[in-house]
Amino acid sequence: MVATFKIAVLGAQGVGKSAIVRQFLYNEFSEVCVPTTARRVYLPAVVMNGHVHDLQIMDFPPITAFPVNTLQEWADVCCRGLRSVHAYILVYDICCFDSFEYIKTIRQQILETRTGSPKAKVNLDPKAEGAGCWAGISCRVIGTSETPIIIVGNKRDLQRGRVIPRWNVSNLVKKTWKCGYIECSAKYNWHILLLFSELLKSVGCARCKHVHTTIRFQGALRRNRCTIM
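Bear in mind that the values here come from a model prediction, so they are computed numbers and not experimental data. (Residues numbered from 1 in each chain as written. Predicted model: local features only at pLDDT ≥ 70, side-chain atom pairs only at ≥ 80, totals over all residues. Heavy atoms only, no water.)

A. Main features of the overall build of the chain. Broken down by element type, the chain carries six helices and nine strands. Here the chain, with 229 residues, has 52% of them falling under the buried criterion. A fraction of 68% describes how many contacts in the chain between residues 6 or more apart in sequence connect residues 24 or more apart. Put simply, the chain shows about 11300 Å² of open surface, and 54% of that area lies on carbon and sulfur atoms. (Helix = DSSP H or I, 4+ residues; strand = E, 2+ residues; numbered from the N terminus. Buried < 20%, exposed > 50% of the residue type's maximum accessible area, 1.4 Å probe, protein only. Contact = heavy atoms within 4.5 Å. Areas by Shrake-Rupley, 256 points an atom, 1.4 Å probe, with all protein chains shown as cover.)

Structure representation (structure tokens):
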């Protein structure tokens, strides 16, 4: 039996989210940055644990706000299918503070529109108490179901220009946001396969209701392999 997993990739303009997807699918990278202006849908298949899984990877252009309901979702052609995915990949540029602020806002909107959770304040001052931490993987949504959210710091090859310490980001995302965090380089194909294989495994693990989501993601990091067909 083939299971289909829908994955949404979101991020501000220029963070390299499309480059991540193309590197994963086609093992290619272009130095030319072409802004994403419309939703792009890819339909690859992967083999994990001896089972074939169909993926529907949707690369979305930068959105002004996460759709609050199904009507708004389908009224805007750029947002179609955004509320019904099984997992979210939120990409930011480790050299651009504004791009992190963008995915922070989108993540909060996902929680508010899909769970009705109250808005949380996040202190990004590295010197402030409880400030450090950036990572990302799952959040409870729609009743008792869970939709993993993973925060991805792209352009690791440019880490000398990093604007926020990695430790701060990792702690914020894992401990405060309860999400998964991974850094990658689309240019050098570093951690690209790891990103998608762990996300796919986290989607499957999220069905284990009695295990905390952060443990599910961390456990997935040590198990099994993923191969593109």
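So that's the structure; there's more coming.
B. View of helix 1 (residues 17–26). Burial runs high along helix 1: eight of the ten residues are buried. Regarding helix 1, the residues found buried are Lys17, Ser18, Ala19, Ile20, Val21, Gln23, Phe24 and Leu25. Immediately downstream of helix 1, the backbone of asparagine 27 shows phi near 55°, a positive value.

C. Quick peek at helix 4 (residues 166–176). Residues of helix 4 that are buried include every one of Asn168, Val169, Ser170, Asn171, Leu172 and Val173, and no others. Two residues or fewer past helix 4, lysine 178 is found with a positive phi of approximately 60°.

D. Summary view of the packing of aromatic side chains. On inspection of all chains with the given rule, the structure shows five aromatic pairs. Judged by centre distance (4.0 Å) and plane angle (15°), the rings of phenylalanine 24 and phenylalanine 196 are stacked. Of this pair, phenylalanine 24 sits in helix 1 while phenylalanine 196 sits in helix 5 (residues 192–205), placing them 172 residues apart in sequence. Across this residue pair, the class does not change: phenylalanine 24 and phenylalanine 196 are buried. Taking the centre distance of 5.6 Å and the plane angle of 5° together, the rings of phenylalanine 100 and tryptophan 177 count as stacked. (Phe/Tyr/Trp six-rings, centres within 6.5 Å; stacked < 30°, edge-to-face > 60°.)

E. Fine view of the side chain of aspartate 93. Examined against the element boundaries, aspartate 93 turns out to sit in strand 5 (residues 87–93). Judged by its relative accessible area of 10%, aspartate 93 falls in the buried class. Sequence-distant contacts of aspartate 93, that is, excluding residues within four places in its chain, are made with Val15, Ser99, Asn154 and Lys155.

F. Structural view of the confidence of the model for the chain. Mean pLDDT over the chain stands at 80; residues scoring 70 or higher make up 74%. Confidence scores differ between elements of the chain, with strand 6 (residues 138–140) showing the lowest mean pLDDT of 38 and strand 5 the highest of 97. Confidence drops under a pLDDT of 50 for residues 206–225, and excluding neighbours within four residues, the segment shows 35 contacts in the predicted structure. (pLDDT = per-residue confidence, 0-100.)

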